Amino acid sequence: MAENEDGTEKTEEPSAKKLQDARDKGQIPRSKELTTLLMTLSAAGYFYLFGEEMMQSFSTVITQGLSLDRDIAFDEKKLLDRIIAILIESLWMLVPFFSLMVFIAIVSPMLLGGWNFSAKALAPSISKLNPVSGLKRMVSLNALLELVKAFAKFLLVISVATYFLYMVFSEVLGLGIEPKNFALAHAAEIIVEAFIFVSLSLLVVAAIDVPFQVWNHTRQLKMTKQEVKEEFKQQEGNPEVKGRIRQLQREMSQRRMMEKVPEADVIITNPTHFAVALSYKPEMMPEPVVLAVGADFMAAQIRTLAQENDIPVIEAPLLARALYFNAEVDQPIPYDLFKAVASVLAYVFSLKQSGKTQAVDFENLPVPDHLRTD
């Protein structure tokens, strides 16, 4: 079980953020054995498919290159030019093989962990130059595992190679009695087959190493329960801080809402528990708009502002509760409450214009049953 320096057990799987942070630092699962396997198999496959053609081309180049005229054989400059030409032509014939090896070396790491470039991993670090840290890495558990793995791989390859030589031993002995050209071709065929056979043995090593590297990478990044909590706080924010921010936001919203109360045309109350401020300007808006809503202390503040600004206060309990629980600030009133609100506004506007009003039963305004809260 992985532990911190303080002995705390790391029991939790690494989070997505932990994995991404490790990736940014260049810490991703990598298997050298997988890359070695793919490169050796690619090389073996290339030689198996094109080895005979390459040998014939090399033979032709060397034969033609070293078929020297007398004037070239005794002229050091011309002889050197001929040797350089042979080398250049031979290297050109190896370009496809080297290109394949470079391509495999670049692509194979992407199969485990994907392609990753980390500037942090390339940045110079004094800790990397510390001999004590280097010594700790040399005698660490990972170093021991790498040593055991290398020794096991050595034994496996030697065993496979020995078995292959045992299987073809009679063919190797027979090379001595075969014609020269045939023996050379046969020997090259045996060497390529041995290369392929030994390369395939690395499948066992890669099949063990790849899952191990993935498991070990995850194990090293495991987190304690406390680390998970701290990361959650960093991502989501401290609950106390978030609560304080929400409180400040509510207070700011309430202040903005209370600043609009003096613009209201009527305040509808419960009469004490709820208060709703409405505005309706026929020439400016098609329907009444809710400016402010409040309960208890906020309702008292709305009524106080209404008195200070000579805004009519109507006690209509059913309508006040329906508006408080169903209307939204700065939005038109619910459609189903239009008739009840229209009765209140008609009363208020009639009172302002002529001082005469018709009797209105504010206790029993037409509030639909699905909006009632009594």
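Right above here is the structure, for reference.
Reading guide: rules and limits
Residues numbered from 1 in each chain as written. Predicted model: local features only at pLDDT ≥ 70, side-chain atom pairs only at ≥ 80, totals over all residues. Heavy atoms only, no water. Helix = DSSP H or I, 4+ residues; strand = E, 2+ residues; numbered from the N terminus. Contact = heavy atoms within 4.5 Å. Phe/Tyr/Trp six-rings, centres within 6.5 Å; stacked < 30°, edge-to-face > 60°. Pairing = 2+ DSSP bridges. Axes fitted to C-alpha atoms, helices over the stretch in contact; angles between N-to-C directions. Patch = residues over 30% accessible without salt bridge, like charges linked within 9 Å, V, L, I, M, F, W, Y side chains within 5 Å. Areas by Shrake-Rupley, 256 points an atom, 1.4 Å probe, with all protein chains shown as cover. Salt bridge = Lys/Arg side-chain N within 4 Å of Asp/Glu carboxyl O. Buried < 20%, exposed > 50% of the residue type's maximum accessible area, 1.4 Å probe, protein only. Expected span 1.5 Å × (residues − 1). Arc of directions from axis to C-beta. Polar contact = N/O pair within 3.5 Å; in protein donor to acceptor, adjacent residues only side chain to side chain. Bend = angle between axes of the 7 residues up to and from the residue. Lys, Arg positive; Asp, Glu negative; His and termini not counted. Charge placed at Lys NZ, Arg CZ, Asp CG, Glu CD. Core = buried A, V, L, I, M, F, W, Y, C linked by side-chain atoms within 4.5 Å.

Quick look at the overall build of the chain now. For the chain, the helix and strand inventory stands at 15 helices and 4 strands. Summarising the internal contacts of the chain: among those between residues at least 6 apart in sequence, 72% fall at separations of at least 24.

Here the focus is the packing of aromatic side chains. Here a ring pair, both rings aromatic, is described through the centre-centre distance and the interplanar angle of the planes. Taken as a whole, this structure holds 13 aromatic pairs when the rule is applied. Feature note: the residues Tyr46, Phe47, Phe50, Phe97, Phe98 and Phe195 constitute an aromatic cluster, connected by ring pairs.

Attention shifts here to unusual backbone geometry. A positive phi angle, close to 55°, is found at aspartate 296, a residue other than glycine. In this fold, aspartate 296 is placed in the loop between strand E3 (289-295) and helix H13 (297-308).

Spatial strand order, E3-E2-E1-E4: 4 strands in an open sheet with mixed pairing. Both edges of this open sheet fall to E3 and strand E4 (313-315), since each of them pairs with a single strand only. On average, adjacent strands in this sheet sit at an angle of 20° to one another, irrespective of strand direction. Across 3 bridges, the pairing between strand E1 (residues 266-269) and E4 is parallel. Looking across to E4, one finds that threonine 269 is bridged to glutamate 315. Of the strands in this sheet, E1, strand E2 (274-279), E3 and E4 touch H13, which is tilted by about 125° from E3. Here helix H14 (residues 317-326) sits on the sheet and contacts E1, E2, E3 and E4; the angle it forms with E2, its principal contact strand, is near 80°.

Here we come to a nonpolar patch on the surface. Nonpolar side chains collect at one region of the surface, where Leu80, Ile84, Ile88, Trp92 and Val95 lie side by side and expose about 500 Å² of accessible area between them. As for its placement among the helices and strands, valine 95 is situated in helix H4 (residues 76-107). Owing to a relative accessible area of 34%, valine 95 belongs among the partly exposed residues under this scheme.

With 12 residues, H13 extends 17 Å from end C-alpha to end C-alpha; this agrees with the ideal 16 Å at 1.5 Å per step. Among all positions of H13, only Met298, Ala299, Ile302 and Ala306 are buried. Looking down the long axis of H13, one finds its buried residues gathered within 105° of arc, a one-sided arrangement. Seen from the open side of H13, the exposed residues pointing more than 90 degrees away from its buried face are Phe297, Gln307 and Glu308. At the C-terminal side of H13, aspartate 310 shows a positive phi close to 55°.

On to the side chain of serine 279. Mapped onto the elements, serine 279 comes out in strand E2. A residue is classified by how much of its surface remains accessible, and serine 279, at 5% relative accessible area, is buried. Within polar-contact distance, the side chain of serine 279 engages the side chain of lysine 281 at 3.1 Å. With sequence-adjacent residues up to four places away left out, serine 279 is seen in contact with Glu263, Ala264, Asp265, Met285, Pro288, Val289 and Leu291.

Turning to H4, a few remarks are in order. The terminal C-alpha atoms of H4, which comprises 32 residues, lie 45 Å apart, in line with the 46 Å expected from a rise of 1.5 Å per residue. A bend of about 40° at leucine 94 is the largest found in H4, and the proline proline 96 appears one to four places after it. Of the positions making up H4, those classed as buried are Ile86, Ser90, Leu94, Phe97, Met101 and Ile104. Where H4 is buried, its residues contact helix H2 (32-65).

This part takes up the pairing of E3. Burial analysis of E3 places 6 of its 7 residues in the buried class, which makes it a mostly covered element. As judged from the 6 bridges shared by E2 and E3, these two strands associate in the antiparallel manner. Considered in E3, the bridge of phenylalanine 274 is made with alanine 295.

Our next topic: a negative patch on the surface. A cluster of acidic residues, Glu52, Glu53, Glu171, Glu189 and Glu193, forms a negative patch at the surface. Among the secondary structure elements, those contributing two or more residues to the negative patch are H2 and helix H10 (180-221). Along the chain, the position of glutamate 53 falls in helix H2. Here glutamate 53 falls in the exposed class, since its relative accessible area comes to 52%.

With that out of the way, let us pick up the pattern of salt bridges. Two side chains carrying opposite charge are able to pair once their charged atoms lie near each other. Considering all chains together, one arrives at 5 salt bridges under this definition. Across the salt bridge formed by glutamate 13 and lysine 222, the nearest N and O atoms sit 3.6 Å from each other. Within this pair, whereas glutamate 13 is found in the segment before helix H1 (16-24), its partner lysine 222 is found in the loop between H10 and helix H11 (225-236), the two being separated by 209 residues in sequence. Across the pair lysine 260 and aspartate 330 runs a salt bridge, and its minimum N-O distance is 2.7 Å. One end of the pair, lysine 260, is in helix H12 (residues 239-260); the other, aspartate 330, is in the loop between H14 and helix H15 (338-354), and 70 residues separate them in sequence.

Looking now at the nonpolar core. Judged by nonpolar contacts, the single largest core of 39 residues is most densely connected at Ile267, Ile268, Leu278, Leu319, Leu323 and Val344. Listing elements by their share of this core, those giving two or more residues are H12, E1, E2, E3, H13, H14 and H15. In this structure leucine 323 touches Ile268, Val276, Leu278, Ile333, Pro334, Leu337 and Val341, once residues within four positions along its chain are discounted. With 6 residues, the next largest nonpolar core counts Met54, Leu94, Phe97 and Met101 among its residues.

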